[in-house]
Amino acid sequence: MLELLWLIPALPFASALVLMLSGSRFPQKAATALGVGSIGISALLTLLVAASFFIAPPADHSYTQLLWTWLNVGGFKPDIALRLDALSLVMVLVVTFVGFLIHVYSAEFMMEDEGYSRFFAYMNLFVASMITLLLGDNLLLLMLGWEGVGLCSYLLIGFWYREPANGHAARKAFVVTRVGDTLMLIGLLLLFTQLGTLQIQDLMQRASERWPAGSGYAVAAALLLLGGAVGKSAQLPLQVWLPDAMAGPTPTSALIHAATMVTAGVYLIARTHVLFSLAPAAQFAVAFVGAATLLLAGFSALTQHDIKRALAYSTVSQIGYMFLALGVGAWQAALFHFFTHAFFKALLFLCAGVIINALHEEHSIFKMGGLRKELPVAFWTFLIAGCSLAGLPFLTAGFFSKDLIIWEAWSADHGHPGFWIAGIVGALLTSLYTFRLIFRVFFGPLGTPVTKRLGYAMTIPLAVLALFSFGAGYLKAPLLNFLHSALPATMEAHAGGMTETGSEAVAAVVFLVGLYFAYLFHLQKRSLAEAAVLNPLGSLLHRWWFAGWGFDWIYDKVFVQPFIWAAQVNKSDFIDAFYSGVAWLADLFYRGLSRTESGRLRWYAAGMAVGSVVFLAMVLFR
Amino acid sequence: MELAFYIASAVAVLSTVLMVTRLNLVHALLYLIVSLLGVAVVFYVLGAPFVAALEVIVYAGAIMVLFVFVVMMLNLGKRSVETERQWLTPGIWTGPVLLAGVLLVEVVYLMRGVPAALGTAAVDPKAVGTALFGRYLIGVELASMLLLAGLVGAYHVGFRKNEKSGNRTGDAT
Amino acid sequence: MTEVAMTNGLLLAGILFTLGLTSLLVRRNLIFVLMSLEVMLNAAGLAFVVAGARWHQADGQVMFLFILAMAASEVAVGLALAVEIHRRFKSLDVDTLSNMRG
């Protein structure tokens, strides 16, 4: 069964290829069958492979399938090899399963779009690249998948390319992640030149043998890889692209920018955890980035009025939690949070899509309201997902995963009370903004009337995802045990003054506090919310957090404007002068020569006479 | 006989100079005819009586007459004299005279050191005819085709369809 | 016939040709242009005849004959053109007929 591993990425690739080559006139039913079917079969195959992996685990809990050798140059021999272990299996399961549900949803959501088959081509290509990234045996193949998902992200954000703003958002996403990709590439080069291989297991082994803990190379390589992860996962300081990426279609936001692509950074760090363990400074940087981002994004999410942007900042914040977990050494907790987050975040985005679609492209939550009765399915699923996100105690998956992280932030060997406080404040913010969304959108007087209803293709994925948002938490113990084969267990260093139950209790209290204040400001006495915004300090904070803490403005002033200025100045440099000089010379000759063609008879006769004089002179006075 | 050569050549050159500088078109034409006659005498002196006769009959007698016909037909009159006076400023002569002078100097230089004297015997028409219809027969045929082309071309260019102004030649007035 | 140096004959031809060339470059009236062409052709023919007389052959005269035929047809067409131009543009100024310029 495990030999079918290569089909999991290959089928979506093939489907994407067919859809891309067939153009926009491909019949919609065929495109649906191909686009959704390929992911469906991939998901099925993943389940089969997973079952086989569980029932009869291969040696060393990992299975490598060598497809062919990519290059063989002077000892550098990366292969196209797929490696399956607990870490990649969990992630591939999530990607294919959630991906399949989102594809089913998109079949109805994008039904009237003229770029239907193009959409599925890109989505399939994305899933294929993501799986390649996850299953890649060496960092070069991982880089291939990394670039592939970046490309698909660009293509899908700018899917409705006729609108220039979408193109800008796509370019911004691409350029910002490119910065991260460049850092990652430098890291890869560093690793290769120092350790001589890019095959991940070899790399980790050689690194632990040759580099002492805390060595400069380890720290440098780890920080560079962190740079790449930060770009792809939209963490500080490269988080600016994700809110703008909401310009893409909602299924894209759900799949790429919530559940899967943005977690590629988490996967990278988890995969190279040995390297990070060798570089405590880098690991601290990971945790710090995670903590800072989760707070920053949490504050920003509190002020957004576009529902998708709020969810985007929420994603940034939750991935901050995952980074925090990785940074303190709670590897399995990070993966567990990824697992639950994928379900409820995808669900939140899909519901948002339903709402936006039903209200005829209305994005602002301040214009929505009272949709509880109008869109019951959306309401209940959004509620479940929102509670999961905010961490409703014991009933939702999000509670288990987030609380595990918050607890580990205190107690893990690299943990620190400061991280714990950040986690708790983040949980408060999460609860606040989530219920702000819920109360504004679903309660209160009716805002914009509903114009469209949903069909089954959109309802069923919502239901399934809601079920998982609910119940995935009960998979905590088996999942953590399973991941133990790939990631080291978190060592509990000091629990001084806090127990796990105590941490959970604080988190539960924080959840309720957030719920209460959200209720107060956004349902009961909405005037309080308006007053808070009008207050001078409140207005300042509101505007600052709304603009994402001013990062866009800083980057614009520091990078974008100088670059544009330099490009303008350089527009006519000496190389250009050379080429335009050639043109100018040709023009000069043209002008000169066309003067001689004056059309006057006597001029031509004189020309002939001069010519004969010259020739005779040449003959005579040779 | 040499004297005849020099006198005739002097006449030819002089009348050509006069022709070049006249303002009146008809005067210039007449001077040209004189020049051609002078050249015809030169031909005779050089022992080519046939071409001497041809020069007079064809060149001066037909071609120049054609010129005269056309000039008379154009009926340019006094205005053309004025125009010519306007156009022929003294300054306009410098460039061409210089250029032609240089060319002449070069040609003269080419000719230096050619010692040959021209022969005594004349080449009579019989010899010319033999050469013409013997060796140069194809040239004769081509020349006749050329003349045909000239004829057709001249006729076509000068042809005029029925217009409001003026009837076609041949119609009764 | 007494002997005439060939140089003198060719010199005469050269002078006549030069005069014709000068006239061609100076004059603006189309008829004058055609006349100067005649002068030049005549001079060339004279050179041929001189050369033929040098070698006592008929070839020079034959060549002159051809030149004559060519001059005749050229004059015919040229004058027809002059007449047409006079009709159309009301002037025989060669400089104004310069539409075919670059």
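Residues numbered from 1 in each chain as written. Chains lettered and ligands numbered in written order. Predicted model: local features only at pLDDT ≥ 70, side-chain atom pairs only at ≥ 80, totals over all residues. Heavy atoms only, no water.

### Remarks on the overall build of chain A
Point 1. Helix and strand counts for chain A come out as 27 helices and two strands.
Point 2. Taken along the three principal axes of its C-alpha coordinates, chain A extends 115 × 65 × 55 Å.
Point 3. In chain A, which comprises 622 residues, the share counted as buried stands at 56%.
Point 4. At a minimum sequence separation of 6, the contacts of chain A that also span at least 24 residues come to 81%.
Point 5. Counting only carbon and sulfur atoms, one obtains 71% of the accessible surface of chain A, whose full area is about 25,500 Å².
Point 6. Here chain A contributes 35 positively and 32 negatively charged side chains, and the mean placements of these two sets differ by 10 Å. (Helix = DSSP H or I, 4+ residues; strand = E, 2+ residues; numbered from the N terminus. Buried < 20%, exposed > 50% of the residue type's maximum accessible area, 1.4 Å probe, protein only. Contact = heavy atoms within 4.5 Å. Areas by Shrake-Rupley, 256 points an atom, 1.4 Å probe, with all protein chains shown as cover. Lys, Arg positive; Asp, Glu negative; His and termini not counted. Charge placed at Lys NZ, Arg CZ, Asp CG, Glu CD.)

### Regarding the packing of helix α1 (residues 2-21) of chain B against helix α1 (residues 6-26) of chain C
Point 1. It is the contact of α1(B) with α1(C), at a shortest axis distance of 10 Å, that shows an interaxial angle of 5 degrees. Taken together, the axes of α1(B) and α1(C) are roughly parallel relative to one another. For the pair α1(B) and α1(C), contact is made by F5(B), Y6(B), S9(B), A12(B), V13(B), T16(B), V17(B), M19(B) and V20(B) and by N8(C), G9(C), L12(C), I15(C), L16(C), L19(C) and S23(C), respectively.
Point 2. Of the residues belonging to the contact of α1(B) with α1(C), the class tally is eleven nonpolar, five polar and no charged. (Axes fitted to C-alpha atoms, helices over the stretch in contact; angles between N-to-C directions. Parallel < 35°, antiparallel > 145°, perpendicular 65-115°, else oblique. Nonpolar A, V, L, I, M, F, W, Y, C, P; charged D, E, K, R; others polar.)

### Focus: the pattern of salt bridges
Residue and element names in this part refer to chain A.
Point 1. Tallying each qualifying case throughout the model produces 18 salt bridges over all chains.
Point 2. Across the pair R309 and D244 runs a salt bridge, and its minimum N-O distance is 3.1 Å. Note that R309 is positioned in helix α14 (residues 307-328) and D244 in helix α9 (residues 241-244), a separation of 65 residues in sequence.
Point 3. Salt bridges sharing common partners tie together K172, D244, R309 and D552. (Salt bridge = Lys/Arg side-chain N within 4 Å of Asp/Glu carboxyl O.)

### Details of the environment of I8(A)
All names here are of chain A.
Point 1. Among the structural elements, I8 can be located in helix α1 (residues 7-22).
Point 2. In the structure, I8 is positioned 224 residues away from K232 in sequence and 23 Å away in space, judged by C-alpha atoms.
Point 3. Not counting residues within four places of it along the chain, the set of residues in contact with I8 comprises S42, L45, T46, V49, V92, T96 and I131.

### Notes on empty space enclosed by the protein
Residues and elements named next belong to chain A.
Point 1. Applying the stated criterion across every chain, the model contains five cavities of 30 Å³ or more.
Point 2. For the largest cavity, the calculated volume is near 60 Å³.
Point 3. Taken together, Q239, V240, P243, D244, R309, Y313, A547, G548, F551 and D552 make up the lining of the largest cavity.
Point 4. Looking at the lining of the largest cavity, the elements with two or more residues in it are α9, α14 and α25 (551-569).
Point 5. The residue makeup of the lining of the largest cavity, split by class, is five nonpolar, two polar and three charged.
Point 6. In this structure, the second largest cavity encloses a volume near 50 Å³.
Point 7. Lining the second largest cavity are A390, G391, G398, F399, K402, D403, A427, A507, V510 and F511.
Point 8. Of all the elements in the fold, those that place two or more residues in the lining of the second largest cavity are α18 (397-411) and α22 (500-524).
Point 9. For the lining of the second largest cavity, the element with the most residues is α18, which contributes four residues.
Point 10. Of the residues that constitute the lining of the second largest cavity, the class distribution is six nonpolar, two polar and two charged. (1 Å grid on protein atoms, 1.4 Å probe; cavity = no way out; pocket = protein on both sides within 12 Å on 5 of 7 lines; lining within 4 Å. Points joined across faces, edges and corners; volume = space filled by probe spheres on them.)

### Quick word on the state of the cysteines
Point 1. All told, the structure shown has zero disulfides over all chains when counted by the stated rule.
Point 2. Sulfur of C351(A): no disulfide; nearest cysteine sulfur belongs to C387(A) and is 12 Å away. (Disulfide = S-S within 2.5 Å.)

### A few points about the nonpolar core
Residue and element names in this part refer to chain A.
Point 1. Counting residues in hydrophobic clusters, the biggest one holds 206 residues, and the most contacted among them are I307 and F323.
Point 2. Here the element with the most residues in this core is helix α15 (residues 331-358); it accounts for 21 residues.
Point 3. Among all residues touching I307, those that are not within four sequence positions of it are A352, I355, I356, H363, I365, M368, F382, L437 and V441. (Core = buried A, V, L, I, M, F, W, Y, C linked by side-chain atoms within 4.5 Å.)

### A short note on the interface of chain A and chain B
Point 1. Residue-level contacts link ten residues of chain A with eight residues of chain B.
Point 2. The largest per-residue losses of area from chain A upon contact with chain B belong to V613(A), L616(A) and L620(A), which jointly make up 61% of the total buried on that side.
Point 3. At the junction of chain A and chain B, the tally comes to zero salt bridges.
Point 4. Where chain A packs against chain B, one counts one residue pair in polar contact (both at pLDDT 80 or more). (Buried area = accessible area lost by both parts, 1.4 Å probe. Polar contact = N/O pair within 3.5 Å; in protein donor to acceptor, adjacent residues only side chain to side chain.)

### Some thoughts on the interface of chain B and chain C
By a widespread convention, an interface's size corresponds to the accessible area lost as its parts come together.
Point 1. Contact with chain B, which involves 82 residues of that partner, is made by 67 residues of chain C.
Point 2. For the pair chain B and chain C, the two sides together bury roughly 6,900 Å², of which 78% comes from carbon and sulfur.
Point 3. Counting across the interface, chain B meets chain C through two salt bridges.
Point 4. For D59(C), the salt bridge is made with R135(B), and the minimal N-O distance between the two is 3.0 Å.
Point 5. On inspection of chain B and its partner chain C, the count reaches ten residue pairs in polar contact (both at pLDDT 80 or more).
Point 6. Among the elements of the structure, α1, α2 (25-45), α3 (49-74), α4 (78-87), α5 (94-111), α6 (125-133) and α7 (137-158) of chain B are those that each provide at least two residues to the side of chain B that touches chain C.

### Some thoughts on unusual backbone geometry
All names here are of chain A.
Point 1. Of the consecutive residues L236 and P237, the connecting peptide bond is found in the cis state with omega at -10 degrees.
Point 2. As for its placement among the helices and strands, P237 is situated in the loop between α8 (216-232) and α9.
Point 3. Residue A234 is not a glycine yet carries a positive backbone phi of 55 degrees.
Point 4. When you line up the elements, A234 lands in the loop between α8 and α9.

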